[in-house]
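Listed here are the chains, written in short residue letters.
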Number of protein chains: 2
Amino acid sequence: MRRILLIVAYDGTNYHGWQIQDNGDTIEGELNKAINRLTGERVEVIGASRTDSGVHGLCNRAVFDTESTVPADKFAVALNSFLPDDIRVRESKEVVADWHPRKCATHKTYEYKIDCGEVANPMLRNYAWHVRGPLDVNAMKEALTFLIGEHDFTSFCSVNGTALTNVRTIIDISLEVISGTYNGVLENVEPGYDEKGRLISGQLVIRITGTGFLYNMVRIIAGTLVHVGMGRFAAEDVKSMLDAMDRTKAGPTAPPQGLTLVKIEDV
Amino acid sequence: MRRILLIVAYDGTNYHGWQIQDNGDTIEGELNKAINRLTGERVEVIGASRTDSGVHGLCNRAVFDTESTVPADKFAVALNSFLPDDIRVRESKEVVADWHPRKCATHKTYEYKIDCGEVANPMLRNYAWHVRGPLDVNAMKEALTFLIGEHDFTSFCSVNGTALTNVRTIIDISLEVISGTYNGVLENVEPGYDEKGRLISGQLVIRITGTGFLYNMVRIIAGTLVHVGMGRFAAEDVKSMLDAMDRTKAGPTAPPQGLTLVKIEDV
């Protein structure tokens, strides 16, 4: 018996999230089916991040055990021939038998993308949150500094969360206005600002690295930062939101399609 | 009666191209329906570029005549409320009564995107052509220099074309390997090269500006350049392809999803 690790990229648009469920297709379900078709074995992969419906992944991890004789590094190509084209195994390799993708120390990085402008870019509708703006990007950048470090993120956690503790560490968080010719999917428009220096057209990417995240945490951070950008909160309000340990004090949960798991690093 | 110009962006993935047809949804058909629902009038918009099935547009132009009293600049917002979210009117304005989007002098710019790598990026499957590589980017850059200027592009025109002359002028053509963090839809991988300096992972964008294009011309140029990159043609073969005036001498027609109409400029 060998344990195989898959590095998996997917466009989450057409899935009900990672985790298998009775109603609707899931990334995990598609992986299980493809492995079954390849090996004849019934397996249930274990994933590193159970991303939500509509959320994307460039590098999620999944492991399973197999008796098959397929060489470890050939699983990627072999499984891709059975998978739908919005799920791709980028890499496959053997790991030790007790290796568990949620029990190893990692840094995870998520990106949350915002399409700011009067009219949404239709090519980004499944990959960004369309926000009309204007957005005070400097206020958003000031706000995010309060989130760095170890905090109780109860105010930034969906009430459906089941974690034992809501203390988490954000290692790094940044916000970037994407400029230049090739923003996102082909877009040839430079970012635009109003007379007060607020963003009125362009794309924003919030990038957050941490050791682990609570349920909906990145999306609530994104929603809160956008509301800071709109002037509904002051930047320093984020500090009192953290102190309140009350979900109702923070901003809304940003929609799922802007979120992508972009990196998992072993530490 | 006023003539209204719409600037239209669309994700072509779910459409049978711009031009209305009996089977399947089209961009033109959706615009006609939305205008009908807004004004009660039956109109047929005239488009600047009749893009093919699966091809995208960021700035196509459509005009129609109306008796309605909707202010010209309000058509954009009003029509967007009736349009599906993969078609957006970016801007609307009144133009003179005889203005025709295919009878004014313009420069059109198309981009063709290539996703080079062992495994396709699933988030780009509808927006790029996946090519395994390796690709000799320098040879591709040399090849495209032969295409600049006025030429008979018969070899780069689908045999289904109906143009009176196949002479066209390419004003500018460039090829760029996209580097950095935010390539295309969120992608955090730097371009990779093999020991011979050939691209093995990363994205390429071919950008072509001209006064007009023959049927499938940009896609045949993209297909030919990729085959130069693969070593199936030498860069200088492109010159003899032009001279041959024979479609069978050039490379294959690249698939539609990599193509986007990104700019139309009046000259």
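Residues numbered from 1 in each chain as written. Chains lettered and ligands numbered in written order. Predicted model: local features only at pLDDT ≥ 70, side-chain atom pairs only at ≥ 80, totals over all residues. Heavy atoms only, no water.

1. Things to note about the overall build of chain A
Counting secondary structure elements, chain A contains five helices and eleven strands. What you see for chain A is a C-alpha radius of gyration of 20 Å, in line with the 18 Å of a compact globule of 267 residues. Dimensions of chain A, computed from the C-alpha atoms along their principal axes, are close to 65 × 45 × 35 Å. Taken across its 267 residues, chain A has 57% of its residues classed as buried. Long-range pairs, those at least 24 residues apart, make up 73% of the contacts in chain A between residues at least 6 apart in sequence. As presented, chain A carries roughly 11,300 Å² of accessible surface, and 46% of it is formed by carbon and sulfur atoms. Of the charged side chains in chain A, 28 are positive and 35 negative, and the gap between their average positions amounts to 2 Å. (Helix = DSSP H or I, 4+ residues; strand = E, 2+ residues; numbered from the N terminus. Rg over C-alpha atoms; globule rule 2.2 N^0.38 Å. Buried < 20%, exposed > 50% of the residue type's maximum accessible area, 1.4 Å probe, protein only. Contact = heavy atoms within 4.5 Å. Areas by Shrake-Rupley, 256 points an atom, 1.4 Å probe, with all protein chains shown as cover. Lys, Arg positive; Asp, Glu negative; His and termini not counted. Charge placed at Lys NZ, Arg CZ, Asp CG, Glu CD.)

2. Points about helix α5 (residues 237-244) of chain B
Residues and elements named next belong to chain B. Regarding α5, the residues found buried are Val-238, Met-241 and Leu-242. All buried residues of α5 project into a common sector of 100 degrees when viewed along the axis, lining one side. Summarising the contacts, the buried residues of α5 are in contact with α3 (137-145), β7 (149-152) and α4 (217-229). In the stretch just after α5, Met-245 is the one whose phi turns positive, near 50 degrees. (Arc of directions from axis to C-beta.)

3. As for the environment of Gln19(B)
Residue and element names in this part refer to chain B. Tracing the sequence through the fold places Gln-19 in the loop between β1 (2-10) and α1 (27-39). The sequence separation of Gln-19 and Gly-47 amounts to 28 residues, and the corresponding C-alpha distance is 8.2 Å. Aside from chain neighbours lying at most four places away, what touches Gln-19 is Thr-26, Glu-28 and Arg-50.

4. Here we look at the environment of Val238(A)
Residue and element names in this part refer to chain A. Checked against the element boundaries, Val-238 lands in helix α5 (residues 237-244). Val-238 gets classed as buried once you look at its relative accessible area, which sits at 1%. On a C-alpha basis, the gap between Val-238 and Thr-224 in space is 8.1 Å, while along the polypeptide they are 14 residues apart.

5. Details of the packing of aromatic side chains
Inspection of every chain in the model, using the stated rule, returns eleven aromatic pairs over all chains. With centroids separated by 5.7 Å and ring planes inclined at 50 degrees, the aromatic side chains of Tyr10(A) and Trp18(A) adopt a geometry described as tilted. With respect to burial, Tyr10(A) and Trp18(A) carry one shared label: buried. Relative to Trp129(B), the ring of Tyr112(B) has its centre 6.4 Å away and its plane inclined at 85 degrees; by these criteria the two rings are edge-to-face. Remark: Trp129(B) occurs in strand β6 (residues 129-131) and Tyr112(B) occurs in strand β5 (residues 106-116); sequence separation between them is 17 residues. Owing to a relative accessible area of 0%, Tyr112(B) belongs among the buried residues under this scheme. (Phe/Tyr/Trp six-rings, centres within 6.5 Å; stacked < 30°, edge-to-face > 60°.)

6. Here we look at the packing of α3(B) against α4(B)
All names here are of chain B. For the pair α3 and α4, the least separation of the axes is 8 Å and the interaxial angle reads 135 degrees. Viewed along their axes, α3 and α4 adopt a mutual orientation that is oblique. In this structure, α3 meets α4 at a crossing whose hand is right-handed. Residue-level contacts link Ala-139, Met-140, Ala-143 and Leu-144 of α3 to Leu-225, Val-226, Val-228 and Gly-229 of α4. The class makeup of the residues in the contact of α3 with α4 is seven nonpolar, one polar and no charged. (Axes fitted to C-alpha atoms, helices over the stretch in contact; angles between N-to-C directions. Parallel < 35°, antiparallel > 145°, perpendicular 65-115°, else oblique. Left-handed = near helix turned anticlockwise from the far one by under 90°. Nonpolar A, V, L, I, M, F, W, Y, C, P; charged D, E, K, R; others polar.)

7. Section: the confidence of the model for chain A
Residue and element names in this part refer to chain A. Averaged over all residues, the pLDDT of chain A equals 92, while 95% of them reach at least 70. Confidence over residues 180-187 falls short of pLDDT 50; this stretch has 37 contacts with residues more than four positions distant or in other chains. Note on the complex model: pTM 0.92, ipTM 0.89. (pLDDT = per-residue confidence, 0-100.)

8. Some words on the pattern of salt bridges
On inspection of all chains with the given rule, the structure shows 22 salt bridges over all chains. With a closest N to O distance of 2.5 Å, Arg207(A) and Glu111(A) form a salt bridge. Of this pair, Arg207(A) sits in strand β10 (residues 199-210) while Glu111(A) sits in strand β5 (residues 106-116), and the two are 96 residues apart along the sequence. In this structure, Arg207(A) and Glu111(A) share a single accessibility class: buried. Put simply, Lys239(A) and Asp243(A) hold a salt bridge, and the shortest N to O gap is 3.6 Å. Taken together, the positions of Lys239(A) and Asp243(A), both in helix α5 and four residues apart, correspond to about one turn of that helix. Here Lys239(A) falls in the partly exposed class, since its relative accessible area comes to 44%. It is possible to trace a salt-bridge network through shared partners that takes in Asp11(A), Asp85(A), Asp86(A) and Arg125(B). (Salt bridge = Lys/Arg side-chain N within 4 Å of Asp/Glu carboxyl O.)

9. Concerning the pairing of strand β3 (residues 56-66) of chain A
Residues and elements named next belong to chain A. Summarising burial for β3: ten of the eleven residues are buried, a large majority. The pairing of strand β1 (residues 2-10) with β3 spans eight bridges and is antiparallel. Bridge assignment links Tyr-10 to a residue of β3, and that residue is Gly-57. Pairing between strand β2 (residues 46-47) and β3: two bridges, direction antiparallel. Looking at β3, one finds that Gly-47 is bridged to Ala-62. Alignment of β3 against strand β11 (residues 259-266), held across two bridges, turns out to be parallel. (Pairing = 2+ DSSP bridges.)

10. With respect to the side chain of Asp11(B)
By the secondary structure assignment, Asp11(B) is in the loop between β1 and α1. Within the structure, Asp11(B) has its side chain in polar contact with the side chain of Tyr127(B) (distance 2.5 Å). Contacts of Asp11(B), omitting those with residues within four sequence positions, involve Pro122(A), Met123(A), Arg125(A), His56(B), Asp86(B) and Tyr127(B). (Polar contact = N/O pair within 3.5 Å; in protein donor to acceptor, adjacent residues only side chain to side chain.)

11. Concerning the environment of Lys108(A)
Residues and elements named next belong to chain A. Checked against the element boundaries, Lys-108 lands in strand β5. Residue classification places Lys-108 among the buried positions, given a relative accessible area of 15%. A polar contact is formed between the side chain of Lys-108 and the backbone oxygen of Ala-48, at a distance of 3.3 Å. Side chain to side chain, Lys-108 and Ser-49 meet in a polar contact 3.1 Å long.

12. Focus on unusual backbone geometry
Residue Pro134(A) is reached from Gly133(A) by a cis peptide bond, and omega for that bond is 0 degrees. Structurally, Pro134(A) is set in the loop between β6 (129-131) and α3 (137-145). Even without glycine at this site, Met245(A) takes up a positive phi of about 45 degrees. Looking at where Met245(A) falls in the secondary structure, it is placed in the loop between α5 and β11. For Met245(A), a relative accessible area of 46% translates into the label partly exposed. At Asn216(B), a position not held by glycine, the phi torsion is positive, near 70 degrees. Take Asn216(B): it is sitting in the loop between β10 (199-210) and α4.

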